[in-house]
Amino acid sequence: MKYRPTLSDVRKLGNFASAFRWGVVFNTMPNKIENAPNPEDINFRAESMGIPEKEVETIDIQIRGHKKRQKGVATYNSPITLVLNETTNGLVQRFIRDWAEICWKTGDGGAGTSENQEDIECEICLYLLDNLDKPYMKYVLYGCQYDTATKGDPDAATADPLKPSISIAYDYFTCETL
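Every chain's residues receive numbers from 1 upward, in the order its sequence appears when written. Residue-level local features of this predicted model are given only where pLDDT is at least 70; pairs of side-chain atoms are given and counted only at 80 or more, and the full residue set underlies all totals for whole chains, interfaces and linings. The basis for every side-chain value is the complete set of non-hydrogen atoms in the structure, without hydrogens or water.

Enquirer: Pulling in residues and values, what's your account of the pattern of salt bridges?
Expert: By salt bridge we mean one thing: a side-chain nitrogen of Lys or Arg within 4 Å of a carboxyl oxygen of Asp or Glu. Following the criterion strictly, the structure yields seven salt bridges and no others. Between aspartate 133 and arginine 21 there is a salt bridge; the shortest N-O distance is 2.7 Å. Linking aspartate 133 in the loop between β6 (122-129) and β7 (135-150) with arginine 21 in the loop between α1 (7-11) and β1 (22-28), this pair joins segments that are 112 residues apart in sequence. When its relative accessible area of 19% is taken as the criterion, arginine 21 is described as buried. The partner of aspartate 98 in a salt bridge is arginine 97, and the shortest N-O contact between them spans 3.0 Å. Helix numbering and strand numbering both begin at the N terminus, where a helix is a DSSP run of H or I of at least 4 residues and a strand a DSSP run of E of at least 2. Relative accessibility decides the category of a residue: with a 1.4 Å probe and only protein chains considered, values under 20% of the type maximum give buried, values over 50% give exposed, and everything between is partly exposed.

Structure follows, in C-alpha cells:
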C-alpha cells in the first residue's frame, strides 16, 4: 500500500466533483401556499444547500467486564439550509413568509392555528451534477417542512444581494447513484 499518492495516482481519479454543480428541485410545494413560486425560480436563486446526512448511533453492550459496540438507531440530521438570492420582486421573502404562516397562522392576529400536515409538507430533490451538468447523485427528502428562516442582512458595506436562508426539516431521505 502506498501512503502518499503520486501525480499519476491523482490523475487516475478522474473528474473531481465541483461544489457549484448541483440543482434543487421542489417536486411538490406545500399545498396551502397560495401563489407558490415556480420550482425553477427557487433553483435559479439557490446559492447553497446542505447535503442530507444520516448518523447511525452505536450502543454499548457490557457483559462481565467486556464492552462491545453495536449499531443502534439511525438519525437523519435534519434540518438542511437553503440560501437564496432575493430579487426586487420579493419572491423569496413571500415564499418564506407564506410557508411559515401556513405552519402557524398569526399574521391576521389570530391565536395560532396550523394547516394539516399533508398541506404544509413538500418533497425536495437535490441533484449533484458532473462536469457536463448531468446528475450523478440524487437525494430525495420526504416530509419536508418549514423549520426556521432568516430574511438576510442589509449591509451598506457591500453590493451583495440580499440572501435569505430557510432551514427545512425533513423526516428522512433516500440517496441513489444515477
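Enquirer: Lay out helix α3 (residues 91-103) with the relevant residues and their values.
Expert: Along an α-helix, a turn takes 3.6 residues, which lines up residues three or four apart on a common side. Helix span is expected to be 1.5 Å times the residue number reduced by one. Here α3 spans 18 Å end to end across 13 residues, near enough to the 18 Å set by a 1.5 Å rise per residue. When α3 is considered as a whole, its buried residues turn out to be Leu91, Val92, Phe95, Ile96, Asp98, Trp99, Ile102 and Cys103.

Enquirer: Quick rundown of the pairing of strand β8 (residues 165-169)? Include the residues and the values.
Expert: For β8, the tally of buried residues reaches five of five residues, placing the bulk of the element in the interior. A strand pair is defined by DSSP finding two or more bridges across the two strands. With four bridges joining them, strand β5 (residues 80-84) and β8 adopt antiparallel strand pairing. Of the residues in β8, the one forming a bridge with threonine 81 is serine 167. Relative to β8, β7 runs antiparallel, the two sharing five bridges. Each residue of the ladder has a partner; that of alanine 149, found in β8, is isoleucine 166.

Enquirer: Tell me about the packing of aromatic side chains, residues and numbers included.
Expert: In summary, the pairing rule links any two rings of Phe, Tyr or Trp, Trp by its six-membered ring, whose centres are within 6.5 Å, and it sorts them by plane angle into stacked for under 30 degrees, edge-to-face for over 60 and tilted for everything else. Taken as a whole, this structure holds nine aromatic pairs when the rule is applied. Pairing phenylalanine 95 with tryptophan 99 gives two aromatic rings, centres 5.4 Å apart and planes at 35 degrees, and the pair type is tilted. Separated by four residues within a single helix, phenylalanine 95 and tryptophan 99 lie in helix α3, roughly one turn from each other. Arranged with centres 6.2 Å apart and planes meeting at 70 degrees, the rings of tyrosine 170 and phenylalanine 173 form a pair that is edge-to-face. We note that tyrosine 170, like phenylalanine 173, is buried. One aromatic cluster is present, formed by Tyr76, Tyr139, Tyr142, Tyr170, Tyr172 and Phe173 through successive ring pairs.

Enquirer: Residue-level account of unusual backbone geometry, with values.
Expert: Cis geometry marks the peptide bond from serine 78 to proline 79, where omega comes out at 10 degrees. Mapped onto the elements of the fold, proline 79 is located in the loop between β4 (66-76) and β5. Its identity is not glycine, yet asparagine 35 carries a phi of approximately 55 degrees, on the positive side. Counting through the fold element by element, asparagine 35 comes out in the loop between β1 and α2 (39-45). Judged by its relative accessible area of 77%, asparagine 35 falls in the exposed class. Of note, aspartate 133 is a non-glycine position whose phi angle comes to about 60 degrees, a positive value. Aspartate 133 sits in the partly exposed class, given a relative accessible area of 45%.

Enquirer: Talk me through a nonpolar patch on the surface; I want residue IDs and the actual numbers.
Expert: Taken together, the side chains of Leu7, Val10, Leu13 and Phe16 make up a nonpolar region of the molecular surface, amounting to roughly 440 Å² of accessible area. Assignment of secondary structure puts leucine 13 in the loop between α1 and β1. For leucine 13, a relative accessible area of 61% corresponds to the exposed category. Put simply, a patch holds well-exposed residues, over 30% relative accessible area, that have no salt bridge, with like charges counted together within 9 Å and Val, Leu, Ile, Met, Phe, Trp or Tyr side chains within 5 Å. Only the protein chains shown count as covering a residue, and every accessible area follows the Shrake-Rupley method with a 1.4 Å probe.

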